[in-house]
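If you want the building blocks of each chain, they are given just below.
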Amino acid sequence: MTDFDDLERRLRSESADERRLGLDALDRRMTAEIDTRAASATLPRSGRLTSPGLAGLGGLTAAVIAIVLAVTVVGPWLATLPRVATQTTQPSASDLLETVTDRGVIRIGVRPDHPQLDVPGAGLSGFDIDVANEIGRRLGLRAEIVIIAADEMGGRLEAGEVDVVMPSATPDGLGLVDVVESRPYYFWDRYLVVDGTSSATSVADLDGRPVCAVAGDAGVAWLTAGAGQGLSMSVVQRPSDDACLAALASGEVDGLVTSALTLADLRSRPSLTVVGGPPTEARSLTAARRTDPDALIREIDRAIDALRSDGSLSRLSQNRFGGLDLSSPPSSS
Amino acid sequence: VTDPRPIVIGSIASSSVEHAERVAALAEHHGPVLYGFARRLGLADEAAEDAAQEALLRLFRALLDGESIADERAWVFRTLYRLAIDQHRLRKRIAGLRDRLVGSPTAEAPADVDSRLSIWAYVDRLPERQRQTLYLRYRADLSFDTIATVMGISPGGARGLAAKGLERLRRQVPADEATR
């Protein structure tokens, strides 16, 4: 037997299965937190910032300043922190389901733009965020929502900063390669529309004429590829649906392919006529194949099935898309 | 439409740097002990590191949210304690994924030569709360008042757990080990 003094001395001095934490992973998570807060605070679609110091700046300018500050001030500073060579917490060869279950958190990347929007006073919200939280709840995990610009999703997924992403687009259109997709949780239609006074009544009627599409959207690729009919349209790219609508109104183009507008939105604009459109796009959650995501994706599929069968997915869709249920493909609705 | 939240972009960035610096300093100085405590809470390897990092990240979020935290180190230990409890509950719900709940960490992790010789190899065979209390007292160097806050017990209870743990150790540690 030993005495207390010696015991206490040894308890204080001897190693007890300790190791230094990997600061790289903590850096990344704090940086992501700052990015998320910067994005959610300053990416309004219709609101504006109220800071006196920023009163003279437009929302977009303020957003750019915030992101630049986050990237140029905080990012480099974090990069100067001491690094410790130790095991990181990135998902690697281990089963992704096991990783997220151990963590108790599933990190889901969603885009800051459509189908999300900034609700004044409540921050960023939207259909993907609603579904992400529901999926987390059904899996018994906390969903950590990470706001990521669509064109950065591939890199952030590959870096292990998120477990899955909701690109709300076809993965290959965003450069998301070597990924595994869940079952679709909603189905998105784009529409080729013309002014109500136009003589065009079909897609073919716009052959050889200028048609607008949103830059970076799949509508551009559809038009460029001949609109599925071998047509040769002159593609005019604009940054948003509103900009395309303005181009149509000014006569600059004879038609446009919608990106974020729903059929409900178009119904509120009786001056427009739908003459066709690209095939329906099925939208899914996406994980990097290298993270061994099959088991997690199967669980997500089950969660989506459950959300669809109990009507939750329909309700969420109707709540966010002007009463439309986009949870099923058009042919089955 | 006006967003009623007062948003000052410059202050977001500058305060973020300040908070990140404090959290990074905590991770640097107390990370090994946070990891060690997570191990005494029954988490193994990567799960222990993840939990320690999550506790630190939650501190960062709390600071960004403007929470007033008097003792950040105690706050992180308390958060880590709760995270580990939550993880145990989650694992109980998901049968078959893991078979390591609240047992001795040394029983599930392969003990290397060093840990077999360490006094902590004996501590890790003590009842769960005794080993956690001893760890917080002697490795994390927390006061009994703080230990009580972390574990949700009274200071007297924390002292009692530590005393029982020491008493057991005194009986179990061989004399030749004690003199090395």
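Residues numbered from 1 in each chain as written. Chains lettered and ligands numbered in written order. Predicted model: local features only at pLDDT ≥ 70, side-chain atom pairs only at ≥ 80, totals over all residues. Heavy atoms only, no water.

## What to know about the overall build of chain A
So, step 1. Counting its secondary structure elements, chain A contains eleven helices and 14 strands.
So, step 2. Contacts spanning at least 24 positions in sequence make up 75% of the contacts within chain A whose residues lie at least 6 apart. (Helix = DSSP H or I, 4+ residues; strand = E, 2+ residues; numbered from the N terminus. Contact = heavy atoms within 4.5 Å.)

## A closer look at the pattern of salt bridges
Residues and elements named next belong to chain A.
So, step 1. Here the structure, examined in full by the defined rule, presents 32 salt bridges over all chains.
So, step 2. Put simply, R138 and E134 hold a salt bridge, and the shortest N to O gap is 3.5 Å. One end of the pair is R138 and the other is E134, both in helix α5 (residues 127–139) and four residues apart, which spans about a single turn.
So, step 3. For R190, the salt bridge goes to E281, with nearest N and O atoms at 3.1 Å. A residue pair is termed long-range when its members are at least 10 positions apart, and R190 in the loop between β7 (186–188) and β8 (192–195) and E281 in strand β13 (residues 281–283) qualify at 91 residues. The same class applies to R190 and to E281, which are both buried. (Salt bridge = Lys/Arg side-chain N within 4 Å of Asp/Glu carboxyl O. Buried < 20%, exposed > 50% of the residue type's maximum accessible area, 1.4 Å probe, protein only.)

## Notes on the state of the cysteines
Residue and element names in this part refer to chain A.
So, step 1. For the coordinates displayed, the defined rule picks out one disulfide over all chains.
So, step 2. Bridging C212 to C244, the disulfide has an S-S length of 2.0 Å. An S-S torsion of about -70° defines the bridge between C212 and C244 as left-handed. Here C212 is found in strand β9 (residues 210–214), whereas its partner C244 is found in helix α8 (residues 241–250), with 32 residues between them in sequence.
So, step 3. Under the relative-accessibility criterion, C244 is labelled buried at 0%. (Disulfide = S-S within 2.5 Å.)

## As for the environment of Q87(B)
So, step 1. On the secondary structure map, Q87(B) appears in helix α3 (residues 72–93).
So, step 2. Between the C-alpha atom of Q87(B) and that of G42(B), which follows or precedes it by 45 residues, the distance is 9.8 Å.
So, step 3. Apart from the residues lying within four places of it in its own chain, the contact partners of Q87(B) are D102(A), R103(A), L43(B), A47(B) and A51(B).

## A closer look at the confidence of the model for chain B
Residues and elements named next belong to chain B.
So, step 1. Per-residue confidence for chain B gives a mean pLDDT of 76, with 72% of residues at or over 70.
So, step 2. Here residues 1–12 is a poorly scored stretch, pLDDT under 50, and it has 34 contacts once near neighbours within four places are set aside; other chains count.
So, step 3. Note that residues 95–116 has pLDDT below 50 and, in this model, 30 contacts with residues that lie over four places away or in other chains.
So, step 4. We note a pTM of 0.49 for the whole complex and an ipTM of 0.72 for its interfaces. (pLDDT = per-residue confidence, 0-100.)

## Focus: α5(A)
Given 3.6 residues per turn, any residue in an α-helix points the same way as the ones three and four places further on.
Residue and element names in this part refer to chain A.
So, step 1. Between its first and last C-alpha, α5 extends 18 Å over 13 residues, near the 18 Å set by a 1.5 Å rise per residue.
So, step 2. A large share of α5 lies buried, amounting to ten of its 13 residues.
So, step 3. Those residues of α5 not exposed but buried are F127, D128, I129, D130, V131, A132, E134, I135, G136 and L139. (Expected span 1.5 Å × (residues − 1).)

## Overview of helix α4 (residues 96–103) of chain A
Residues and elements named next belong to chain A.
So, step 1. The element α4 is extensively covered by neighbouring structure, given that seven of its eight residues are classed as buried.
So, step 2. Every buried residue of α4 is accounted for by L96, L97, T99, V100, T101, D102 and R103.
So, step 3. Regarding α4, its N-cap is D95, as a side-chain oxygen of that residue lies 2.7 Å from the backbone nitrogen of L97 further along.
So, step 4. G104, located one to two residues past α4, shows a positive phi value of around 80°. (Polar contact = N/O pair within 3.5 Å; in protein donor to acceptor, adjacent residues only side chain to side chain.)

## Notes on the packing of aromatic side chains
So, step 1. Tallied over the full model, the rule gives eleven aromatic pairs over all chains.
So, step 2. Between F37(B) and Y81(B) the ring centres are 6.4 Å apart and the planes differ by 15°, which places this aromatic pair in the stacked class. In this pair, F37(B) sits in helix α1 (residues 9–40) while Y81(B) sits in helix α3, placing the two residues 44 residues apart along the sequence. Each member of the pair, F37(B) together with Y81(B), is buried.
So, step 3. One aromatic cluster is present, formed by F127(A), Y185(A), Y186(A), W188(A) and F321(A) through successive ring pairs.
So, step 4. Over the face of the ring belonging to Y122(B) we find R125(B), whose NZ or CZ atom lies 5.5 Å from the ring centre.
So, step 5. Against the face of F144(B) rests R137(B), its NZ or CZ located 4.8 Å from the ring centre. (Phe/Tyr/Trp six-rings, centres within 6.5 Å; stacked < 30°, edge-to-face > 60°. Lys NZ or Arg CZ within 6 Å of the ring centre and 35° of its normal.)

## A look at the packing of α4(A) against helix α10 (residues 294–309) of chain A
All names here are of chain A.
So, step 1. It is at 6 Å that the axes of α4 and α10 come closest, and there the two elements cross at 70°. Accordingly, the angle class assigned to the pair α4 and α10 is roughly perpendicular. For the pair formed by α4 and α10, the contact residues are L96, L97 and V100 on the first element and A295, L296 and E299 on the second.
So, step 2. A breakdown of the residues in the contact of α4 with α10 according to their chemical character gives five nonpolar, no polar and one charged. (Axes fitted to C-alpha atoms, helices over the stretch in contact; angles between N-to-C directions. Parallel < 35°, antiparallel > 145°, perpendicular 65-115°, else oblique. Nonpolar A, V, L, I, M, F, W, Y, C, P; charged D, E, K, R; others polar.)

## Here's the deal with the sheet that holds strand β12 (residues 272–276) of chain A
Residue and element names in this part refer to chain A.
So, step 1. On the basis of which strands lie adjacent, the open sheet formed by five strands has the order β10-β9-β11-β8-β12 and mixed pairing. The sheet is open, and its two borders are formed by β10 (234–238) and β12, each paired with just one other strand. Across the sheet, the mean angle from the axis of one strand to that of its neighbour is 30°, orientation sign disregarded.
So, step 2. Across two bridges, the pairing between β8 and strand β11 (residues 255–257) is antiparallel. Note on β11: the bridge partner recorded for L192 is V257.
So, step 3. Each of β8, β9, β10, β11 and β12 touches α8; the most contacted strand, β11, lies at about 170° to it. (Pairing = 2+ DSSP bridges.)

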